[in-house]
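Structural overview for review
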Amino acid sequence: MTPMEPITMNMPVLALRGLTVFPHMNLTFDVERPISIAALERAMEGEQEVFLVTQREIGVEHPEEKDLYQIGTVSHIRQILRLSSGSARVMVEGRRRARLRRLWQSSPYLQANIEELPEEPPSEARSPRAEALLRQAWSLFSEYAQLSGTVPEEILTAVMDSRDVGRLADFITQNIPLRHTDKQEILEELAPFVRLRKLNGLLARECSILGFEHEMEGKIRDQLIRTQRDQILRTQIRVLQNELGEDDDEDEVEDYCRKILELHLGEEAEKHLLKEAGKLSRQPYGSAEASVIRNYLDVCLEMPWNTETRERVSVEAARKVLEKDHFGLAKVKERILETIAVRQMNPKGKGQILCLVGPPGVGKTSIAISVAKALNRKLARLSLGGVRDEADIRGHRRTYIGSMPGRVIDAIIRGGSMNPLLLLDEIDKLGNDYRGDPASALLEVLDSEQNHAFRDHYMEIPVDLSRVMFITTANTTDTIPQPLLDRMEVIRLSSYTDEEKVEIARRHLLPKQLAEHGLKKSSLRVDDGVLRAIIRDYTRESGVRLLERRIAALCRKTDMKLVSGETKRVTVTEAELPKFLDCQPYPPALHTVREEVGVVNGLAWTETGGEILEVEVNVMEGTGKLELTGNLGDVMKESAQAALSCIRSRAAVLDVEAEFYKNKDIHVHFPEGAVPKDGPSAGIAVTTAMLSALTDRKVKAGIAMTGEVTLRGRVLAIGGLKEKTMAALRSGIGTVLIPKDNVRDLEEIDQTVRAALKFIPVETIDQVFDAALTPMPETAREETAEPLFAPMAREKAEAVLRQ
């Protein structure tokens, strides 16, 4: 038996937009496109058959073959009704499925070669499988009709009477509102059982969607009923209150208006607040908008509009407070007193915004508190660390639920005065993200030319911040945006020296901890030597926070001894410190204390103070390699390269083997390799250690050095001299080599340190070698080399003579 050849024919094509026609179904629709009307006219001239196929995209005006689905329906035109010159209404009856083989004409109408698709007869029309599918379809369609409420009774009856699997699927799909893509999927399925199974899936999905829609409609309906009921009851309550003369709302609005007028605000602010009070009087009782307006008016009335504290502008009084609360920090105190002196001479002048910059624990926040106490201003502190939202500074607009004023306005309300001292803590730790940049929002707050009319997003009325004194604190200025930094005067607080820490501990920390632990002054005795040992061996910090915790540990141990009855008085000695504070967490820094070859004591600055930085150099037979180890940064590596080049260029003068860079390997190591190190200030230490290792000259004991070296042997200035010299004194160093340009910085060094150390200023690397290295052995050649820079000086002299 040979398979039947497919039946093909040419036929006019009508492209449908959003519609699908099924076999044995009637459909009426309007036609407006010229190519569609032309296709209908051509079909009417023949057998009145036209191929109806759905477009893939509804918006395509002139469809091509790629814009049409492959499966459509050959339909018979039963009636055409002309509506106007450019449109018609047509009634068609679907006959059979067909496949579009080729669209060979697109103008003046679409015409294609199509292939008829014979309907696959169900092989098991009366089987249990067919019966199960039919029952499922009837059940789902009945549920769908009940949920939608739009299915006509005759369609429901026709579905229940149908037992043809394929035709039932086509009939239901034609008569329910599905997406045209879903209908097309049913049309393209030729197997009747598979077609009905797909339809059952679509019906189950539609029933689920309709169920959710009914559930949401029910919730909305219940909510509306409750809201209407509440409004009716509240209206009845208001009527009863009016009848009884208990109109609280009117009294509330009148109270708001009276308070606003009593403040004697500016015209703009008073007008705005009275307008808001008028809105409140027109709101229904208990409405959400009334609560928002009521909260807004409460916030505005909480502002201390006409309240100011009487400022005590006295330099002497401020000096007494600062000296009582803080030890040391002489330059910082002097700068703050200068600001107070200016206010004393010109009380109406614009205030300066001070920014206290320094490492943690040096007293930035406590200084601001002391300034507020000295000036008799109320203090409000704003912690800005981690703030990422601009609305935290300028407030949230009232359109948002739970909106509130910004931190600046909130601080003024908490301060209870229009001239408080606002402490903006950790201003260097402001963040920014998609919610805005809070640092930019602070530009207006900290600008004395603009902040006289600061507008918070929540309050929407101008607030005068020109009478507020701002003090900000930061650990570094690197992360503060430059426009914000320009608005502040930076006062830098350096780390405390060991002697300053001893005085702070004796005057402030020890009495404070004794009081907190319930101890009398006679119960615990700690002398200055013990305090120095704690500072040297048990703390590594710029401030005194860890020192205070160590003193607190001593007090706790003392409490235990007194409570247990072991003793009536505790005297702590340096030898007994490990019993109270366990082992030393910070052993003495590694440094050489004897004359050695290739080992030099350098000086380094860290965030917690100064450190001894030992440099070791070994010279070995090799191929001229330079090895640098010790977790070094790029700048320090480049400094070591410069040191080597400096020695190499002056090998003859320094009595170094001329070919050492070819047959010697040099290894430079900085101990404590786990600690990152960087910076150029170890340049002269590296150069000295290299020359010592190359010439076997020993480095003198008790010497440390710091300074940057150039290729020409000049010694350049460095930073952190105060902390570095403290580290040298702490480690028992007696002589320190410093760049000559840093001599001016000796004025800032503690007098105890200056008296205990011998400072040797150096300009050139030759001076460093002379001061740090022992004399060369007798077998070495005499020092006949010209001094460094001698050729340059000679050239200058010859030029002068020529002129």
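Here, the structure is the one placed above.
This text gives an overview of the structure that appears in the document.

Quick notes on the rules
Residues numbered from 1 in each chain as written. Predicted model: local features only at pLDDT ≥ 70, side-chain atom pairs only at ≥ 80, totals over all residues. Heavy atoms only, no water. Phe/Tyr/Trp six-rings, centres within 6.5 Å; stacked < 30°, edge-to-face > 60°. Buried < 20%, exposed > 50% of the residue type's maximum accessible area, 1.4 Å probe, protein only. Lys NZ or Arg CZ within 6 Å of the ring centre and 35° of its normal. Pairing = 2+ DSSP bridges. Helix = DSSP H or I, 4+ residues; strand = E, 2+ residues; numbered from the N terminus. Axes fitted to C-alpha atoms, helices over the stretch in contact; angles between N-to-C directions. Contact = heavy atoms within 4.5 Å. Salt bridge = Lys/Arg side-chain N within 4 Å of Asp/Glu carboxyl O.

**Points about the packing of aromatic side chains**
This model, assessed by the stated rule, comprises three aromatic pairs. Summarising the aromatic geometry, the rings of Phe 660 and Tyr 661 are spaced 6.1 Å apart at their centres and angled 90° between planes, so their arrangement reads as edge-to-face. Classification of Phe 660 as buried rests on a relative accessible area of 1%. In this structure Tyr 661 comes out as partly exposed when scored by relative accessible area, which is 27%. Taking NZ or CZ as reference, Arg 398 lies 3.9 Å from the ring centre of Tyr 296, over its face.

**Looking at the sheet that holds strand E25 (residues 735-739)**
With respect to topology, seven strands assemble into an open sheet ordered E19-E20-E18-E17-E22-E25-E26, the strand pairing being mixed. Edge positions in the sheet fall to strand E19 (626-629) and strand E26 (758-762), since each has one partner strand and no second. Put simply, the sheet's adjacent strands are angled 30° from each other on average, direction ignored. In this structure, E25 lies alongside E26, joined through five bridges in parallel fashion. Counterpart to Val 736 in the pairing with E26 is Phe 759. Running over the sheet, helix H24 (residues 721-730) touches strand E17 (599-606), strand E18 (609-621), E25 and E26 and is turned about 75° from E18.

**So, the pattern of salt bridges**
Evaluated as defined, the whole model comprises 51 salt bridges. Measuring nitrogen to oxygen at the nearest pair gives 2.9 Å for the salt bridge that ties Asp 425 to Arg 381. Taken together, the residues Asp 425 in strand E9 (residues 421-425) and Arg 381 in strand E8 (residues 379-383) connect sequence positions 44 residues apart. Relative accessible area serves as the criterion here: at 4%, Asp 425 is assigned to the buried category. The class of Arg 381 is partly exposed, set by a relative accessible area of 44%. Salt bridges linked by common partners bring Glu 49, Arg 95, Arg 96 and Glu 116 together as one network.

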